[in-house]
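Given next are the chains, with one letter for each unit.
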Amino acid sequence: MVGILVRKPIINPKGGHMKLIGTITVLVAAIATSLVPTAGAAPAPTPAAAQLRQFEGTVVSVNRDARTFRLRDVERGTRTIKVTSRTRFERIAGFSGLRPGMRRIEAKVQRRNGVWVATEVERSGGGGEHGGGDDRRGDDDRGGGNSGPGGGDD
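Just so we're clear, the structure is a prediction, and the values are computed from it rather than from any experiment.

**Student:** Can you walk me through the environment of Val 59 in this structure?
**Tutor:** Among the secondary structure elements, Val 59 is positioned in strand β1 (residues 53–63). Classification of Val 59 by relative accessible area gives buried; the value is 2%. Distance in space between the C-alpha atoms of Val 59 and Leu 98 is 7.7 Å, their sequence separation being 39 residues. Apart from the residues lying within four places of it in its own chain, the contact partners of Val 59 are Phe 69, Arg 70, Leu 71, Leu 98, Arg 99, Pro 100, Gly 101, Met 102 and Ile 105.

**Student:** Can you walk me through the pattern of salt bridges in this structure?
**Tutor:** Where charged atoms from two side chains of opposite charge come close, those side chains can pair. Per the counting criterion, the structure on display carries three salt bridges. A salt bridge links Glu 120 to Arg 88; the shortest N-O distance between them is 2.8 Å. With Glu 120 in strand β6 (residues 115–123) and Arg 88 in strand β4 (residues 88–90), this pair connects stretches of sequence that are 32 residues apart. Put simply, Arg 91 and Glu 122 hold a salt bridge, and the shortest N to O gap is 3.3 Å. Taken together, the residues span a long stretch of sequence, with Arg 91 in the loop between β4 and β5 (105–112) and Glu 122 in strand β6 at a distance of 31 residues.

**Student:** It is not clear to me how the environment of Arg 88 should be interpreted in this structure. Could you clarify?
**Tutor:** Taking C-alpha positions, Arg 88 is 8.2 Å from Glu 122, a pair spaced 34 residues apart along the chain. The contacts of Arg 88, once residues within four sequence positions are left out, are Thr 119, Glu 120 and Val 121. Within the structure, Arg 88 has its side chain in polar contact with the side chain of Glu 120 (distance 2.8 Å).

Here is what the cut-offs are and how they apply
Residues numbered from 1 in each chain as written. Predicted model: local features only at pLDDT ≥ 70, side-chain atom pairs only at ≥ 80, totals over all residues. Heavy atoms only, no water. Helix = DSSP H or I, 4+ residues; strand = E, 2+ residues; numbered from the N terminus. Buried < 20%, exposed > 50% of the residue type's maximum accessible area, 1.4 Å probe, protein only. Contact = heavy atoms within 4.5 Å. Salt bridge = Lys/Arg side-chain N within 4 Å of Asp/Glu carboxyl O. Polar contact = N/O pair within 3.5 Å; in protein donor to acceptor, adjacent residues only side chain to side chain.

The quantities given are spatial measurements derived from coordinates; they are silent on function.
This is the structure:
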């Protein structure tokens, strides 16, 4: 006669089997709870804040009619950037001051409806001395100074 071997679970007389199941249950519950956001948790960033970017490079072209310009960023490629009435300009005479070939142009942009919209456009490389002050080098693009070889925008 062939017998069937039935294995009975080994149960620790001190409740070891139940203790193991209880430990696993607690671990699974803790992991599941950590994955669910709570009411007191910090809110997720807004889509606009998540899409805030900064590009820096050379102006490739300017489209006055569409109020856009193309900026070639060495790290991120060439991007078309839209300028609105809310765009702030620093060390550039507004949108009309943008010219193809201008280097070290920094644009802080947000993605809106599939378009990069500039919140701020400035000429970078000011050494952290934004605003007033005595500019002895005369390279502030507002005339009256030595703009270097070629006498134009760099």
